[in-house]
Amino acid sequence: AQSVTQLDSHVSVSEGTPVLLRCNYSSSYSPSLFWYVQHPNKGLQLLLKYTSAATLVKGINGFEAEFKKSETSFHLTKPSAHMSDAAEYFCVYTGGGNKLTFGTGTQLKVEL
Amino acid sequence: NAGVTQTPKFQVLKTGQSMTLQCAQDMNHNSMYWYRQDPGMGLRLIYYSASEGTTDKGEVPNGYNVSRLNKREFSLRLESAAPSQTSVYFCASSVSSKDQYFGPGTRLLVL
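Undergrad: Give me the lowdown on the environment of T51(A), citing residues and values where you can.
TA: Residue and element names in this part refer to chain A. You can see T51 is positioned in the loop between β6 (44–50) and β7 (56–58). By relative accessible area, which is 32% here, T51 ends up partly exposed. For the pair T51 and F67, spaced 16 residues apart in sequence, the C-alpha separation works out to 9.7 Å.

Laid out in structure tokens, this is it:
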């Protein structure tokens, strides 16, 4: 079965330090992968997506992710965390069709 | 441009009561979706509608029904609410599955 695994349920960083949120996928197809962000009591917003073009994908707010087929990973990074980045982040997979499969989420905390 | 709107924002029900969650989009998208979000479980697909006039079950359809009223609107109905349906419900729409736009959510508490 196709799925995504977010390796950390909580990540805490200091403001100004790098962010790394890890995601691995399991798929026998060529996947499309996404990162969504959800701020408290808000809906989900698309950060970036990979759809078999460039393996390094740049998104909004300085985030980027690299698709590594050999490692079946799609980790989300940002060079310097900001307080406004505190939110929950979801790695999402689709093998095609109309169905998205969501990871269980990573709560990012940014401390002063 | 409102995007995806959902009503109500909050609702408290007693076990056995019924209610309908409303969703509308103004982006002329063909596909619409209903998800529920529970702590530690991410979002799970309840039902989706690939186009006007069609609906299909998702991962967790039991206890729910949907209606694709027209291209803009996709409603989710709970006929007899149960405490296990306490959740946050999100509606989404897309041109294709690859870019889904989400509404702000409806928080439902079933007592």
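Undergrad: Please provide a residue-by-residue account of the packing of aromatic side chains, values included.
TA: If you walk through the whole model with that rule in mind, you get 14 aromatic pairs over all chains. Residues F102(A) and Y35(B) carry aromatic rings whose centres are separated by 5.4 Å and whose planes lie at 75° to one another, so their mutual orientation is edge-to-face. In this pair, F102(A) sits in strand β11 (residues 101–102) while Y35(B) sits in strand β4 (residues 31–37), so the two residues belong to two different chains. Y35(B) shares its class with F102(A); the two are buried. Taken together, a centroid distance of 5.6 Å and an interplanar angle of 40° make the contact between Y35(B) and F102(B) tilted. Note that Y35(B) is positioned in strand β4 and F102(B) in strand β10 (residues 100–102), a separation of 67 residues in sequence. Members of the aromatic cluster, joined through ring pairs, are F34(A), Y36(A), F90(A), F102(A), Y33(B), Y35(B), Y48(B) and F102(B).

Undergrad: Tell me about the sheet that holds strand β1 (residues 4–7) of chain B, residues and numbers included.
TA: Residues and elements named next belong to chain B. Taken in spatial order, the four strands make up an open sheet running β1-β3-β8-β7, and their pairing is antiparallel. The sheet is open, and its two borders are formed by β1 and β7 (65–68), each paired with just one other strand. With direction set aside, neighbouring strand axes in the sheet form an average angle of 15°. Summarising the sheet, strand β3 (residues 19–25) and strand β8 (residues 74–78) pair through three bridges and their orientation is antiparallel. Following the sheet pairing, M19 is matched in β8 by L78.

Rules used throughout
Residues numbered from 1 in each chain as written. Chains lettered and ligands numbered in written order. Predicted model: local features only at pLDDT ≥ 70, side-chain atom pairs only at ≥ 80, totals over all residues. Heavy atoms only, no water. Helix = DSSP H or I, 4+ residues; strand = E, 2+ residues; numbered from the N terminus. Buried < 20%, exposed > 50% of the residue type's maximum accessible area, 1.4 Å probe, protein only. Phe/Tyr/Trp six-rings, centres within 6.5 Å; stacked < 30°, edge-to-face > 60°. Pairing = 2+ DSSP bridges. Axes fitted to C-alpha atoms, helices over the stretch in contact; angles between N-to-C directions.

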